[in-house]
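# Geometric and topological summary
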Amino acid sequence: MPKRIDKNKKKCYNELRTLKKEVNAMQYKVELLTGIRPTGDLTVANYLGAVAPIIELQAQGVSPVVFVADLHAITDNEPATVRQYIYRVVADYIALGVDPQKARIYLQSDIAGEVTTLTALLARLVSVAELLRVPTLKDKLKNSARPETANALLLLYPVMMAADILLNRAKKVPVGEDQLAHMEVTRLLARRFNKRYGEIFPIPQVLQVKSLRILSLRGRGKMSKTNPGGAIFLTDDAKTVASKIKAAETAFEGVMNEKLESLILIAKGLAKTGSERDEVDAIIEAHKKGKPVMGQFKQILTRIVQNFLEEFQSKRAEITRDPSYIQSVLEEGAKVARENAIETLAEVRRVMQIGP
Ligand code: TYM
């Protein structure tokens, strides 16, 4: 009789321990996470879509984690090319306001083992057909790549993004509109995993309610590093900014369209002061009433962008002068990223019964 009680007690205790572990696992580890691919100089759209929300929350006391997504970058770039941009993206993050005293910045390939392992394990939970239906891949296969020549990493792109987010057990992920479909894949994989193997992953959220889509200044599509004529790069000088904005498409008097809305988002997102934002509002009000003020609007926009970039570029020049500083920031970041990733992956292996 006492033996049976003992056995039951042990069973209860073990169940409680498992439950406690699962409750702990369900807790978010990282409040705020985002990543940028080192594939070229960043654009103001990268800043507005992914970095600006981080800076805003950092000012409110949140400690963000940001990373340089070099493994994602090699889907369509040679690793040697990608390598050239890694330190530059770190310098960009810091010059844009990510504060290494409060935030962590890490390099994705510093935890390559964990990222690729979890990518493979998550890939079991989604079909090839489902991945082929992800709109970003569908667009790419329609416009710029062919299934015969596109590499298979492209198919796994959203799964690897899920691995980044779930390894960190991140709560909020600020991304631009182009990444929303990938966020949905992440949430789907987390739910499927939890259902099949146990509640390991807390479900991540997209940060913005209405995610941002900054359009190309000219022609179709979003502002992108791959369409330089329609993009304002953070490295552009004052003259280049002026001529790009001069050539930007706007709208006829009294009419609002997507292009103009996008320019307004840039102006208000980069404005340093409330009075600059008021100036933008006033000119747009006049435009809505049918006044011919687009020339004036472009002048204000040019000034706002130039001021923003001038401050950014001088901070960035200071940071890049000392590569050992950037290296030390990445080393600090790698420590924490590694710790989180190893812990999460150990849980994943335990519930999936992989390994001894
Ligand atoms: P990347 O480098 O392509 O883009 C970085 C961020 O910039 C945003 N963005 C835009 N936002 C608004 N309007 C635009 N025209 C525009 N163009 C780019 C992107 O939405 C993105 O937020 N897959 C990610 C990198 C990544 C990642 C992650 C992000 C890998 N793993 C995990 C978050 C969490 C990407 O496309 O980066």
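Each chain has its residues counted from 1, running along the sequence as written. Only residues with pLDDT of at least 70 are given local features in this predicted model, and only at 80 or more are side-chain atom pairs given and counted; all residues enter the totals for whole chains, interfaces and linings. To get the side-chain values, all heavy atoms of the structure are used, and hydrogens and water are removed first.

## Thoughts on the site of the ligand
Around the ligand, a shell composed of 26 residues is seen, among which Tyr157, Asp164, Gly176, Asp178 and Ile214 lie nearest. Polar contact criterion, stated in full: a pair of N or O atoms within 3.5 Å, where within protein one must be able to donate a hydrogen and the other to accept it, and residues adjacent in sequence count only if both atoms are side-chain atoms. Note that an oxygen atom of the ligand is positioned 2.9 Å from one of the backbone N or O atoms of Arg37. Between Gln179 and the ligand, the recorded distance is 2.8 Å, taken from a side-chain N or O atom to a nitrogen atom. For accessible areas, the Shrake-Rupley method is used with a probe of radius 1.4 Å. Any residue's cover is judged against the shown protein chains and nothing else. Here the ligand, which alone exposes 710 Å², has 98% of that area covered by the protein. Numbering of helices and strands starts at the N terminus; helices are DSSP runs of H or I of at least 4 residues and strands are runs of E of at least 2. Of all the secondary-structure elements, those providing two or more residues to the shell around the ligand are strand 1 (30-36), helix 2 (44-59) and helix 8 (153-167). Residues of the shell around the ligand, tallied by class, amount to 13 nonpolar, 7 polar and 6 charged. Only a single heavy atom is needed: when it lies within 4 Å of a molecule or strand, its residue is near that molecule or strand. Amino acids outside the nonpolar list (Ala, Val, Leu, Ile, Met, Phe, Trp, Tyr, Cys, Pro) and the charged list (Asp, Glu, Lys, Arg) are all regarded as polar, and Gly is one of them.

## Overview of the domain arrangement of the protein
Looking at the protein, the domain boundaries give domain 1 (6-213 + 322-352) and domain 2 (236-318). Domain start and end points were adopted from an automatic or database domain assignment. One C-alpha centre belongs to domain 1, the other to domain 2; they are set 33 Å apart. Throughout, a contact is declared for two residues whenever any of their heavy atoms are within 4.5 Å. Tallying the contact residues gives 12 residues for domain 1 and 10 residues for domain 2. Summed over both partners, the accessible area (1.4 Å probe) lost when two parts come together is defined as the buried area. Between domain 1 and domain 2 lies a buried interface of about 940 Å² when both sides are counted; carbon and sulfur atoms form 69% of it. Looking only at domain 1, the three residues that lose the most surface to domain 2 are Val44, Leu48 and Ala95, adding up to 46% of its buried area. When a carboxyl oxygen of Asp or Glu is within 4 Å of a side-chain nitrogen of Lys or Arg, the pair counts as a salt bridge. With a shortest N-O distance of 2.4 Å, Arg316 and Asp92 are connected by a salt bridge.

## A closer look at the environment of Phe252
Summarising the element assignment, Phe252 is placed in the loop between helix 10 (238-246) and helix 11 (258-270). The rule is simple: take the accessible area with a 1.4 Å probe, protein chains only, and divide by the maximum for that residue type; under 20% is buried, over 50% is exposed, in between is partly exposed. Take Phe252: its relative accessible area is 71%, and that puts it in the exposed class. Spatially, the C-alpha atom of Phe252 lies 9.6 Å from that of Lys291, the residues being 39 residues apart in sequence.

## Considerations on the pattern of salt bridges
Counted under the stated rule, the structure contains 20 salt bridges. Of the charged contacts, one joins Glu332 and Arg104 as a salt bridge, the two residues approaching to 3.8 Å between their closest N and O atoms. Taken together, the residues span a long stretch of sequence, with Glu332 in helix 14 (residues 323-352) and Arg104 in strand 3 (residues 104-107) at a distance of 228 residues. In this structure, the salt-bridge partner of Lys288 is Glu285, at a minimum N-O distance of 3.8 Å. Linking Lys288 with Glu285, this pair stays in helix 12 (residues 274-288), spanning 3 residues, or about one helical turn. Residue Lys288 is classed as partly exposed on the basis of its relative accessible area, which comes to 44%. Here Glu285 falls in the partly exposed class, since its relative accessible area comes to 40%. One continuous salt-bridge network, built from bridges that share partners, spans Arg104, Glu332 and Lys335.

## Describing the packing of aromatic side chains
Think of it this way: a Phe, Tyr or Trp ring, Trp meaning its six-membered ring, pairs with another when their centres are within 6.5 Å, and the plane angle makes it stacked under 30 degrees, edge-to-face over 60, tilted otherwise. This structure, assessed with the given rule, holds 4 aromatic pairs. Plain terms: the ring middles of Phe67 and Tyr106 are 5.1 Å apart, the flat faces sit at 20 degrees to each other, and that makes the pair stacked. Pair noted here: Phe67 is in strand 2 (residues 65-68) and Tyr106 is in strand 3, with a separation of 39 residues, a long-range link. You'll find Phe67 and Tyr106 in the same group, each marked buried. An aromatic cluster is present here, built from Phe193, Tyr197 and Phe201 joined pairwise through their rings.

## Regarding the packing of helix 11 against helix 13 (residues 294-320)
As a rule, the C-alpha atoms of each element are fitted with a line to give its axis, helices using only the stretch in contact, and angles between N-to-C directions run from 0 to 180 degrees. Where helix 11 meets helix 13, the closest approach of the two axes is 9 Å, and the angle between their N-to-C directions is 40 degrees. Viewed along their axes, helix 11 and helix 13 adopt a mutual orientation that is oblique. Along this stretch, helix 11 crosses helix 13, giving a crossing that reads as left-handed. Residues Leu260, Leu263, Ile264, Ile266, Ala267 and Leu270 of helix 11 touch helix 13, and the partners they reach there are Met294, Phe297, Leu301, Ile304, Val305 and Phe308. Of the residues assigned to the contact of helix 11 with helix 13, the class counts are 12 nonpolar, no polar and no charged. Any angle between 65 and 115 degrees counts as roughly perpendicular, while under 35 counts as roughly parallel, over 145 as roughly antiparallel, and the rest as oblique. We call a crossing left-handed when the near helix sits turned anticlockwise from the far one by less than a right angle, and right-handed when that turn is clockwise.

## Digging into the packing of helix 2 against helix 11
At a minimum axis distance of 11 Å, the contact between helix 2 and helix 11 shows a crossing angle of 70 degrees. Taken together, helix 2 and helix 11 sit at an angle that is classed as roughly perpendicular. Judged by the twist between their axes, the crossing of helix 2 over helix 11 is left-handed. Counted together, Val44, Tyr47 and Leu48 of helix 2 and Leu265, Ile266, Gly269 and Leu270 of helix 11 form the full contact between these two elements. Of the residues in the contact of helix 2 with helix 11, the class split is 6 nonpolar, 1 polar and no charged.

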